[in-house]
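Each chain, written out:
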Amino acid sequence: MRVTKAIKKEQLRRLQEVYRDARPALHYTSPFTLLVATILSAQCTDERVNVVTARLFPRLDTPEKMVQLTQSELEGEIHDCGLFRSKAKHILAMSHMLIENYGGEVPEEFDELIKLPGVGRKTANVVRSVYWGYPGIAVDTHVFRVSNRLGLAKGSTPLEVEMGLQKVIPIKDWGHAHHWLIWHGRKICHARKPECEKCFLSDICPSSTVQHSKK
DNA sequence: AACTCGGGGCA
DNA sequence: TGCCCAGAGTT
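Here the structure is a predicted model, which means the values were calculated and not measured. (Residues numbered from 1 in each chain as written. Chains lettered and ligands numbered in written order. Predicted model: local features only at pLDDT ≥ 70, side-chain atom pairs only at ≥ 80, totals over all residues. Heavy atoms only, no water.)

**A word on the protein's contact with DNA strand B**
Taken together, the residues surrounding DNA strand B are Gln43, Arg48, His79, Cys81, Gly82, Leu83, Phe84, Arg85, Ser86 and Thr157. Sugar plus phosphate, as a fraction of atoms of DNA strand B within 4 Å of the protein: 55%. The contact in question runs from a base nitrogen of DNA strand B to an N or O atom on the backbone of Gln43, over 2.6 Å. Take Ser86: an N or O atom from its main chain is 3.3 Å from a phosphate oxygen of DNA strand B. When its residues are assigned to classes, the surface near DNA strand B shows 3 nonpolar, 5 polar and 2 charged. (Near = heavy atom within 4 Å. Polar contact = N/O pair within 3.5 Å; in protein donor to acceptor, adjacent residues only side chain to side chain. Nonpolar A, V, L, I, M, F, W, Y, C, P; charged D, E, K, R; others polar.)

Written out as structure tokens, the structure reads:
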């Protein structure tokens, strides 16, 4: 199936309709806690991240409080998230940098965010688009996979998909489309066994395994 | 572009 | 057991 611009628009319309009430799955109360939760979410399910942050953020929700922990203490706090050594190192270094260079606040500029240890394009775009509503699509594994399957934005690298998505998604929806695509990837368009028979986009998805009589 | 970090969930 | 999970840094 050739994916026309009209089909892409229809895909987005249906995604918006079905996931209208989709909210961020990660628990956070501020830019800093969203930043930390997003770092913890790397290669880890959001359910597990929420278990860790639920007991972490009531006590440690600012850079100033975070840097009072030692490396090994923080590793113990986030152990269940996996990749805990590098994550703990990054979170501590990031907190120190926020205090020294940004007055303890999280900068809103993309170029400043990605200077922070442990923060790449994906994490920077999450904080900007989800918390502050800035333009920018965060491309994680779900967004990458679903976008490629739908033909919404094809690319061999996350950056190519990010640029492609920004051409087809209206600016006002960039923070929301991030959630539509993630929820769709979680609920239906799984990595290993996509449930195409349950998918409300199977008739206009070039990767669908469902047979359709009409083309 | 490929490799590494990493414990837990699930087939 | 083997593969996967809301990635980023290094080589």
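Continuing now.
**Some words on the environment of Thr4**
Secondary-structure assignment places Thr4 in the segment before helix H1 (5-18). Residues Thr4 and His179, spaced 175 residues apart in sequence, show a C-alpha to C-alpha distance of 23 Å. (Helix = DSSP H or I, 4+ residues; strand = E, 2+ residues; numbered from the N terminus.)

**Re helix H11 (residues 174-187)**
Here H11 spans 20 Å end to end across 14 residues, near enough to the 20 Å set by a 1.5 Å rise per residue. A large share of H11 lies buried, amounting to 10 of its 14 residues. Looking only at H11, the buried set comprises Trp174, Gly175, Ala177, His178, His179, Trp180, Leu181, Ile182, His184 and Gly185. Along its buried surface, H11 packs onto H1, helix H8 (121-132), helix H9 (141-150) and helix H10 (158-168). (Expected span 1.5 Å × (residues − 1). Buried < 20%, exposed > 50% of the residue type's maximum accessible area, 1.4 Å probe, protein only. Contact = heavy atoms within 4.5 Å.)

**Structural notes on the protein's contact with DNA strand C**
Near DNA strand C there are 28 residues, and of these Ala25, Gln43, Thr123, His142 and Ile182 occur at the shortest range. Thr123 places a polar side-chain atom, nitrogen or oxygen, 2.4 Å from a phosphate oxygen of DNA strand C. With 4 residues, H11 is the largest single contributor of residues to the surface near DNA strand C.

**Remarks on the UniProt feature "binding site: [4Fe-4S] cluster" (unreviewed entry) in chain A**
UniProt records the feature "binding site: [4Fe-4S] cluster" (unreviewed entry) for Cys189, Cys196, Cys199 and Cys205 in the present numbering. A maximum C-alpha distance of 11.0 Å among these annotated residues, which run over 17 residues, shows that they cluster at one spot. The topology assignment puts Cys199 in the segment after H11. Look past the residues within four positions of Cys199 in its chain and what remains in contact with it is His184 and Ile188. Along the polypeptide, Cys205 turns up in the segment after H11. Ignoring sequence-local partners within four residues, the contact set of Cys205 consists of Met1, Gln11, Arg149 and Leu150. (UniProt positions renumbered as here; feature names shortened; annotations may be inferred.)

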